[in-house]
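Chain residues, written in single-letter form:
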Amino acid sequence: MNLEFFTISLLNGLSYGLLLFMLSSGLTLIFSMMGVLNFAHTSFYMVGAYIAYSLSHVIGFWWALLVAPAMVFVIGALFERYCLRRVHQYGHVPELLITFGLSYLLLELVQLIWGRAAVNYELPVGLQGPLFTIFGTNFPKSRAFIMLLSLFMLLSIWLLLTRTRIGLVIQAALTHPETVEALGHNVPRVFMLVFGGGAALAGLAGVIGGNTFVTEPAMAGSVGAIIFVVVVVGGMGSLSGAFLASLLIGLLQTFAVAMDQSMITLLAQFKVAVTPETFGYPLLKLTISQTAPILPFVFLVLILIFRPKGLLGTREG
């Protein structure tokens, strides 16, 4: 039973962590390339899920998997071109505020178009059912697909940034924009493509996360805080750090949710009796599963105290 618990929790934790990476990778790219902390990033995740839900009824899920992120890319690129670029010269606070406003605008638009209740965004036939059975527990095809697509996306981003000409231009535009412009490249257009690409990655996560979990207006808010935790823990602007932090937080929460032990259970091993009259009883009776939602934030606080630059981040000079 212990081996079954470990194996199933490990697989579920990895699949959840890789979904977190799909979300955090776009935010990390935008911040590392442009220095913009996009508060509306998870709203693109929500929009991607809803667009895919509507498109799947018309062109099917597999075409929606391609078209929905492309549409989110267009939304993100247009926002950068006509809104974000206009406030970029005024510093980070106006950038943060305008993306904050965009998140509420997208939320209201989603509720106006699709309503306030969750929609019935179902998995395609090819992703329904178990992929395999281990220790009598089924592992869904949908979670395996998330893992495969996340790893493919990681490889694609790495190849794009390190093995292609456009990747070299993007990296050069970050540190030497004047030189890049002198060589004939349009730096504002590069930044527009980066922002749109980051939004598209969030939209892609919404396409596969919306039908694996739930598609509702609250889905952006439910993952918003955890994505910023991932980015900070991994190291601001570090793609490899975001990947490592996503896996660690995914595993931490998944294992914690499945554990019903409490301090009372631990003290019982040492023959220490605990009664309702014992000092601190409300805290002692809390199970690990009940504290699972706050564990990533505890992890964040510890990282900020002992390693402020994050797991794989570097301090700016």
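The structure contained in this document is the topic of the report that follows. (Residues numbered from 1 in each chain as written. Predicted model: local features only at pLDDT ≥ 70, side-chain atom pairs only at ≥ 80, totals over all residues. Heavy atoms only, no water.)

### Some details on the overall build of the chain
Assigned secondary structure in the chain consists of 14 helices and two strands. A globule of 317 residues ought to have a C-alpha radius of gyration of about 20 Å, and the chain, at 21 Å, matches this closely. A principal-axis box enclosing the C-alpha atoms of the chain has dimensions of 75 × 50 × 40 Å. Within the chain, the fraction of its 317 residues that count as buried is 44%. Intrachain contacts of the chain at a sequence separation of at least 6 include 77% that bridge at least 24 residues. In the structure as shown, the chain presents an accessible area of about 16,400 Å², 69% of it carried by carbon and sulfur atoms. Both charge centroids of the chain, one from 14 positive and one from 11 negative side chains, sit 7 Å from each other. (Helix = DSSP H or I, 4+ residues; strand = E, 2+ residues; numbered from the N terminus. Rg over C-alpha atoms; globule rule 2.2 N^0.38 Å. Buried < 20%, exposed > 50% of the residue type's maximum accessible area, 1.4 Å probe, protein only. Contact = heavy atoms within 4.5 Å. Areas by Shrake-Rupley, 256 points an atom, 1.4 Å probe, with all protein chains shown as cover. Lys, Arg positive; Asp, Glu negative; His and termini not counted. Charge placed at Lys NZ, Arg CZ, Asp CG, Glu CD.)

### Digging into a nonpolar patch on the surface
Judged by side-chain polarity, Ile294, Phe297, Val298, Val301, Leu302, Ile305 and Phe306 come together as a nonpolar surface patch covering roughly 670 Å² of accessible area. The residue Phe306 is located in helix α14 (residues 295-306) in this model. Exposure remark for Phe306: the relative accessible area of 68% places this residue in the exposed category. (Patch = residues over 30% accessible without salt bridge, like charges linked within 9 Å, V, L, I, M, F, W, Y side chains within 5 Å. Salt bridge = Lys/Arg side-chain N within 4 Å of Asp/Glu carboxyl O.)

### Section: the pairing of strand β1 (residues 130-134)
Summarising the sheet, β1 and strand β2 (residues 137-140) pair through four bridges and their orientation is antiparallel. Among the inter-strand pairings, Ile134 is bridged to a residue of β2, identified as Thr137. (Pairing = 2+ DSSP bridges.)

### Details of helix α5 (residues 141-163)
If you check α5, its first and last C-alpha atoms are 32 Å apart, about what 23 residues at 1.5 Å a residue would give, namely 33 Å. The set of residues buried in α5 consists of Ser142, Ala144, Phe145, Ile146, Met147, Leu149, Ser150, Met153, Ile157 and Leu161. (Expected span 1.5 Å × (residues − 1).)

### Things to note about the environment of Phe44
By secondary structure assignment, the location of Phe44 is in helix α2 (residues 41-56). By relative accessible area, Phe44 is classed as buried at 1%. When the C-alpha atoms of Phe44 and Thr287 are compared, they prove to be 34 Å apart, with 243 residues separating the residues in sequence.

### A look at the packing of aromatic side chains
Summed over the entire model, instances satisfying the criterion amount to 13 aromatic pairs. Arranged with centres 5.6 Å apart and planes meeting at 90 degrees, the rings of Trp62 and Phe145 form a pair that is edge-to-face. With Trp62 in helix α3 (residues 61-87) and Phe145 in helix α5, this residue pair connects regions lying 83 residues apart in the sequence. According to the relative accessible area criterion, Trp62 is partly exposed, its value standing at 43%. With relative accessibility at 16%, the residue Phe145 sits in the buried group. (Phe/Tyr/Trp six-rings, centres within 6.5 Å; stacked < 30°, edge-to-face > 60°.)

### Looking at the environment of Leu251
Examined against the element boundaries, Leu251 turns out to sit in helix α10 (residues 239-257). A C-alpha to C-alpha distance of 7.9 Å links Leu251 and Tyr16, two positions 235 residues apart in sequence.

### Some details on the side chain of Gln111
Looking at where Gln111 falls in the secondary structure, it is placed in helix α4 (residues 92-114). Contacts of Gln111, omitting those with residues within four sequence positions, involve Arg116 and Pro217.

### Quick word on the side chain of Ser24
Within the secondary structure, Ser24 sits in helix α1 (residues 2-34). Here Ser246 takes part through its side chain, which lies 3.4 Å from a polar atom of the side chain of Ser24. (Polar contact = N/O pair within 3.5 Å; in protein donor to acceptor, adjacent residues only side chain to side chain.)

### Re unusual backbone geometry
In this structure, Lys271 takes a positive phi of about 65 degrees despite not being glycine. As for its placement among the helices and strands, Lys271 is situated in the loop between α11 (263-269) and α12 (281-284).

### Points about the layout of surface pockets
The space that makes up the largest pocket amounts to roughly 510 Å³. Elements represented by at least two residues in the lining of the largest pocket include exactly α1, α3, α5, α6 (165-175) and α8 (187-212). A per-class count over the lining of the largest pocket returns 19 nonpolar, three polar and no charged. (1 Å grid on protein atoms, 1.4 Å probe; cavity = no way out; pocket = protein on both sides within 12 Å on 5 of 7 lines; lining within 4 Å. Points joined across faces, edges and corners; volume = space filled by probe spheres on them. Nonpolar A, V, L, I, M, F, W, Y, C, P; charged D, E, K, R; others polar.)

### Here's the deal with the environment of Leu106
Structurally, Leu106 can be placed in helix α4. Since its relative accessible area comes to 10%, Leu106 is described here as buried. A C-alpha to C-alpha distance of 8.8 Å links Leu106 and Met46, two positions 60 residues apart in sequence. Setting aside residues up to four positions removed in sequence, Leu106 forms contacts with Ser43, Phe44, Met46 and Val47.

### A look at the packing of α10 against α14
As a packed pair, α10 and α14 sit with axes 9 Å apart at the nearest point and diverge in direction by 135 degrees. By the angle between their axes, α10 is oblique relative to α14. Considering how the two elements wind past one another, α10 and α14 form a crossing that is right-handed. Contact with α10, carried on its side by Leu248, Ile249, Leu252, Gln253 and Ala256, involves Leu295, Pro296 and Phe299 of α14 and no other residues of that element. Taken together, the residues of the contact of α10 with α14 sort by class into seven nonpolar, one polar and no charged. (Axes fitted to C-alpha atoms, helices over the stretch in contact; angles between N-to-C directions. Parallel < 35°, antiparallel > 145°, perpendicular 65-115°, else oblique. Left-handed = near helix turned anticlockwise from the far one by under 90°.)

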